[in-house]
Amino acid sequence: MRRAPSLIQIPFLVAFLLSIVPELLGQVSDAWQPVPKEDLALKDNPANPGSCAMILERQIYTDDEKRFQTEWVRIKIFNEEGRAYGDIEIPYFAKVSTVENIRGRTVRSDGAVIIFNGTVFDKVVAKYRRLRYEAKTFTLPGVEVGSVIEYAYTVRWKESLPDYVRHPQGYLFREAWTIPTATWTIQQALFTRHAVFVLRPVKEGRLGSAYVRLPSEGPSWQPDGTKRMEVHNVAAIEQEDYMPPESMLNSRVHFYYMVGYVGANWWSEFGKLQAQKAEKYIEKTPFLERTANEIAPQSDPPEVRLRKLYTRVQQIRYLSYEPSKTEKEVKREHLQENKSAEDIFRHGYGSGNEINFLFTALAGSAGFEASIVEIVDRASATFEPDVLDASQLNAIVVLVHLKDEYLYFDPASRFCPYGLLPWFESDTKGVKWDKSGGAVLNVHAPPNESSVIERTAELKLQPDGSLDGELDVVFSGQEALDRRLLASDEDETGRRKLLEDELKALTPPGVKLDVDSVAGWQDLEQPLRVRCRFHASRFAVLTHQRMLFPMAVFQANRRSMLTHSKRMQPVYFRHGYSEVDKITISLPPRYRVEALPPEANLQTAFATYQAKRTGEAGAVRLERHAVIRQYSFPRESYSSLRQYLDQMRQSDAENVVLHGMEAAQAH
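First, a word on what this report is: a plain description of the structure on this page. In this text, all values refer to a predicted model and were calculated from it rather than measured experimentally.

## Things to note about the sheet that holds strand β17 (residues 369-375)
Think of a sheet as strands paired side by side through backbone hydrogen bonds, with each pair either parallel or antiparallel. Spatially, 5 strands are ordered β19-β18-β17-β20-β21 in an open sheet, and the strand pairing comes out antiparallel. Two strands lie at the open edges of the sheet, namely β19 (405-409) and β21 (439-443), each paired on one side alone. Taken over all neighbouring pairs, the strand axes of this sheet differ in orientation by 40 degrees on average, direction set aside. Across 7 bridges, the pairing between β17 and strand β18 (residues 395-402) is antiparallel. Residue pairing across strands places Ala-370 opposite Val-400, the latter belonging to β18. The strands touched by helix α6 (residues 302-313) are β18 and β19; relative to β18, the strand with the most contacts, the crossing angle is about 155 degrees.

## Section: empty space enclosed by the protein
Enumeration over the complete set of coordinates arrives at 3 cavities of 30 Å³ or more. Considering the residues around the largest cavity, the lining is formed by Gln-555, Arg-558, Arg-559, Ser-560, Met-561, Leu-562, Arg-624, Leu-645, Asp-646, Met-648, Arg-649 and Asp-652. Take the lining of the largest cavity: its biggest share by element is 5 residues, from helix α12 (residues 638-653).

## Quick notes on the pairing of β17
For β17, a buried count of 6 out of 7 residues is recorded, marking the element as mostly surrounded by other parts of the structure. Judged from the 3 bridges that link them, β17 and strand β20 (residues 428-432) form a sheet pairing that is antiparallel. Its bridge partner lying in β20, Ile-375 is registered against Gly-430.

## Remarks on helix α11 (residues 492-506)
Three- or four-residue spacings in an α-helix give side chains the same orientation, since the helix completes a turn every 3.6 residues. Given a rise of 1.5 Å per residue, 15 residues ought to cover 21 Å, and the 22 Å separating the end C-alpha atoms of α11 matches this to within 8%. Those residues of α11 that sit buried are Gly-494, Arg-495, Leu-499, Glu-500, Leu-503 and Leu-506. Where α11 begins, one side-chain oxygen reaches toward the backbone nitrogen of Thr-493, 3.2 Å away; that side chain belongs to Asp-491.

## Examining the sheet that holds strand β29 (residues 577-586)
The strand order β24-β25-β23-β22-β29-β33-β32-β31 describes an open sheet built from 8 strands, whose pairing is mixed. A single partner strand is all that each edge strand has here, and the edge strands are β24 (511-519) and β31 (600-603). Averaged over neighbouring strand pairs, the angle between their axes works out to 10 degrees when direction is ignored. Judged from the 9 bridges that link them, strand β22 (residues 452-461) and strand β23 (residues 467-475) form a sheet pairing that is antiparallel. The residue bridging Ile-453 from the neighbouring strand is Phe-475, located in β23. α11 contacts β22, β23, β24 and β25 (528-536) of the sheet and is inclined by roughly 135 degrees relative to β24.

## Here we look at the packing of aromatic side chains
In this structure the tally under the stated criterion is 32 aromatic pairs. Judged by centre distance (5.8 Å) and plane angle (50 degrees), the ring pair of Tyr-310 and Phe-409 falls under tilted. Note that Tyr-310 is positioned in helix α6 and Phe-409 in strand β19, a separation of 99 residues in sequence. Residue class for Tyr-310 comes out buried when judged on its relative accessible area of 0%.

## Details of the packing of α6 against helix α9 (residues 354-365)
Running from N to C, α6 and α9 point in directions that differ by 150 degrees, and their axes come no closer than 10 Å. As judged from the angle between their axes, α6 and α9 are roughly antiparallel. α6 and α9 meet at a crossing whose hand is right-handed. Here Leu-306, Leu-309, Tyr-310 and Val-313 of α6 come into contact with α9, specifically with Ile-355, Leu-358, Phe-359, Leu-362 and Ala-363. In terms of residue class, the contact of α6 with α9 is built from 9 nonpolar, no polar and no charged.

## With respect to the environment of Ser-565
Here Ser-565 is to be found in the loop between β27 (546-550) and β28 (571-572). Here the alpha-carbon distance between Ser-565 and Arg-642, two residues 77 residues apart in the chain, equals 8.3 Å. With sequence-adjacent residues up to four places away left out, Ser-565 is seen in contact with Tyr-638 and Arg-642.

## Describing α12
Here α12 spans 22 Å end to end across 16 residues, near enough to the 22 Å set by a 1.5 Å rise per residue. The set of residues buried in α12 consists of Tyr-638, Leu-641, Tyr-644, Leu-645, Met-648, Ser-651 and Asp-652.

Thresholds applied
- Residues numbered from 1 in each chain as written.
- Predicted model: local features only at pLDDT ≥ 70, side-chain atom pairs only at ≥ 80, totals over all residues.
- Heavy atoms only, no water.
- Pairing = 2+ DSSP bridges.
- Helix = DSSP H or I, 4+ residues; strand = E, 2+ residues; numbered from the N terminus.
- Axes fitted to C-alpha atoms, helices over the stretch in contact; angles between N-to-C directions.
- Contact = heavy atoms within 4.5 Å.
- 1 Å grid on protein atoms, 1.4 Å probe; cavity = no way out; pocket = protein on both sides within 12 Å on 5 of 7 lines; lining within 4 Å.
- Points joined across faces, edges and corners; volume = space filled by probe spheres on them.
- Buried < 20%, exposed > 50% of the residue type's maximum accessible area, 1.4 Å probe, protein only.
- Expected span 1.5 Å × (residues − 1).
- Polar contact = N/O pair within 3.5 Å; in protein donor to acceptor, adjacent residues only side chain to side chain.
- Phe/Tyr/Trp six-rings, centres within 6.5 Å; stacked < 30°, edge-to-face > 60°.
- Parallel < 35°, antiparallel > 145°, perpendicular 65-115°, else oblique.
- Left-handed = near helix turned anticlockwise from the far one by under 90°.
- Nonpolar A, V, L, I, M, F, W, Y, C, P; charged D, E, K, R; others polar.

Honestly, it's all geometry; don't read function into it.
Structural data, given as structure tokens:
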């Protein structure tokens, strides 16, 4: 299951500054620095022509002694698209920090200054379980093409760093861990002309750091005891469709305080420490051994036993998926705290990671080798082993040794069937918990063949070119899980509407599609099946004697995924996919097949596509199978991927040609 970022990590998701003058770093001034005339006169970014905007100046100051950060940003607007940067959003986590001293202004190209005196709004930008990420939002006034906008703000943390970080010489540590502080994200969505980053660490703290894709020399110590880095002309992370999360592309500097001896085997020690801490939750006990054997008798084959344990654990009430309750509602229910895996089972409820802990403990008690693996959710980031910061690990899965295989499970993930992981938890890396020493592991991805969309249609073409019939769609594996998760908070009507909208998006314009039935929402071991009625009023193109239409009914109008001939970023899909189409179209009377598109057979190192069209006895048939076996493509592979997708689209768009016959010929 996904794990929300730790409370230690969250305050450092935002960074801040103070002043443009190096001597004033650390001071918050209400006075704005003048904007140079040459910046007001800028018409374009000379280093990157055509930009919508650019960051002229950016400064970040972090003071760990006084527990605050400040940031100041100055941006030049070049075109209408760039005006959107006048809408400011400052993310923060209200439980541990406050945002203060928000100010901003707009300086127009003629030098006129408009001070922000508007309202700052609070907005929830993301929710995860019972955690809420919020943002201060506001709009700078009078932003127009040619303007320079700037804003500044301060964040203060509600708690000080622990005394053992501030004065480590007064403690004896048996274990080693790290506490993250500032993270400097060097690259932004805009080109940065100049930026300065400063960190004032606690005087006696043992500060460590790690660099990720840093394009320039790293930070250096200053005579005043601060760490400082200055950068110039940092390229923007250009936004493109189907690109990886920015954290997989940008350059960063991570700082953390080291507690105890932090050596080369730190991740191994981390896995060991986590296993020791969680011993009561993941270790086998006599009670759990009896319980596991009752659920899954030893007379059953090993895989059958593991399936039964998985199914039983998924029946535990999962509190983290339930709506937030008031304090009064919580007291009324009087749920006891779980202090062990036995408590989770006896109480019949769990929260956070407890469902996966229970599965680990039951599997171990049944005789399986089972371990927790703490991973990085690849929807947000990738594992950086050089960054000794455990808060980058934001999800948990269970590793089980079954026969000759090592399998991964996540029973805590809603609607996740046995043998499958949500896509964001597969093909990633993490750290195995083990009391004898942890290890960095790769979490393998399931085969694409286990995740398929299969469409079967029996359709009838009418003399006026309309198309009617029935469509059955089966979503299996990851495809079914994706849709169950998407519709998890919807009622029956809402779930039908989501599926109906998805299927309509694949069909020709003007289609009327009615969902008759949906089966499999709750039975996780079964595919998700949709049956619907289909009517397209203008499907075929009619001429005087002919009728033309594409056999690939559900792909012919699909827009190109990759429209640009050149690419700046890697291509990153969520997961590979497999599509199967079996379509039969009955022909109208007095029409015969004049021409069918040829068979198509594309084979690449990463994908296959096969399409076969046949015609007989008043009907035409299509059998189509498309598979993409990988989800991530470096820039060097872009042309090959785009060529494959274009060839597939061209094949899907090819028309069947029917020829009209006279009545005598028809007989």
